[in-house]
Amino acid sequence: VAYNIGANKKDRVMEALNLFSKAVAIVGMIGTVVFMAFPVQLMEIFAVNKHILFIGENALRILAIGFVFASQSFIVSAFFQALGDGKEGLVIFLLRKVVVPFGFIFATKEILGLNSIWIGFTIAEVLTYVVALIMLKKMKKQILSMEENK
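A. Layout of the overall build of the protein. Within the protein, the secondary structure is distributed over seven helices and zero strands. Taken over C-alpha atoms, the radius of gyration comes to 18 Å for the protein, far larger than the 15 Å a tight globule of 150 residues would show. Within the span of the protein, comprising 150 residues, buried residues form 37% of the whole. Measuring between centres, the 15 positive side-chain charges of the protein sit 3 Å from its 10 negative side-chain charges.

Written as structure tokens, this is what we have:
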């Protein structure tokens, strides 16, 4: 991506972004299906306690909802970093892993209990995806306005 930006090959930049977005979306969908279909089997790899299995089954199913969104946010963040725009990547990371989940957990822990953790991270993935798309749309406009390499 960075090489193609430097060479003013905006079409190749957009092709790479589209290709990687599709690839990670497929991986995210596979992960979602596996975690939704086999949460107990996945948890049994790490835990034998029935109570932990029950908590983990619920957690994995809730977290799996966010996999596709997380994969897309990850690609957008990496795209910004490849363009030398690390602060946008940092904003996406902080929203995904700190600001949104901990804000949600703090606000809902009394109502939702332990589920506030899983739901908080899933909501963070969805909201961060929306923010990342807005940031990406702005960046695409800048890329598409670049002069063609003649």
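B. Seen up close, a nonpolar patch on the surface. The grouping of L90, F93, L94, V98, V99 and F102 at the surface amounts to a nonpolar patch, some 540 Å² of accessible area in total. Mapping L94 onto the fold places it in helix α6 (residues 86-112). The partly exposed category is assigned to L94, whose relative accessible area is 36%.

C. Structural detail: the nonpolar core. Judged by nonpolar contacts, the single largest core of 14 residues is most densely connected at L17, V76, F79, F80, I92 and I143. Breaking this core down by element, the ones donating at least two residues are α2 (10-37), α5 (67-82) and α7 (115-144). When neighbours within four sequence positions are excluded, I92 is seen to be in contact with S73, V76, S77, F80, T128, A132 and M135.

D. Examining the environment of D85 more closely. Mapping D85 onto the fold places it in the loop between α5 and α6. The partly exposed category is assigned to D85, whose relative accessible area is 22%. Other than its neighbours up to four places away in sequence, D85 contacts F80 and M139.

E. Here's a closer look at α2. Helix length check: α2 (28 residues) gives 40 Å between terminal C-alpha atoms against 40 Å at 1.5 Å per residue, within 8%. Within α2, burial applies to K10, V13, M14, A16, L17, S21, V24, A25, G28, G31 and T32. Against the buried residues of α2 lie α1 (2-6), α4 (50-64), α5 and α7.

F. Local environment of the side chain of S77. Residue placement: S77 occurs in helix α5. Dropping the residues within four chain positions of it, S77 is found in contact with G89 and I92.

G. Region of interest: the packing of α6 against α7. Closest axis-to-axis distance for the α6/α7 pair is 7 Å, and the angle between their directions is 145°. Like other packed secondary-structure pairs, α6 and α7 cross with a definite hand, here right-handed. Considering only residue class, the contact of α6 with α7 consists of 17 nonpolar, five polar and five charged.

Definitions and limits used
- Residues numbered from 1 in each chain as written.
- Predicted model: local features only at pLDDT ≥ 70, side-chain atom pairs only at ≥ 80, totals over all residues.
- Heavy atoms only, no water.
- Helix = DSSP H or I, 4+ residues; strand = E, 2+ residues; numbered from the N terminus.
- Rg over C-alpha atoms; globule rule 2.2 N^0.38 Å.
- Buried < 20%, exposed > 50% of the residue type's maximum accessible area, 1.4 Å probe, protein only.
- Lys, Arg positive; Asp, Glu negative; His and termini not counted.
- Charge placed at Lys NZ, Arg CZ, Asp CG, Glu CD.
- Patch = residues over 30% accessible without salt bridge, like charges linked within 9 Å, V, L, I, M, F, W, Y side chains within 5 Å.
- Areas by Shrake-Rupley, 256 points an atom, 1.4 Å probe, with all protein chains shown as cover.
- Salt bridge = Lys/Arg side-chain N within 4 Å of Asp/Glu carboxyl O.
- Core = buried A, V, L, I, M, F, W, Y, C linked by side-chain atoms within 4.5 Å.
- Contact = heavy atoms within 4.5 Å.
- Expected span 1.5 Å × (residues − 1).
- Axes fitted to C-alpha atoms, helices over the stretch in contact; angles between N-to-C directions.
- Left-handed = near helix turned anticlockwise from the far one by under 90°.
- Nonpolar A, V, L, I, M, F, W, Y, C, P; charged D, E, K, R; others polar.

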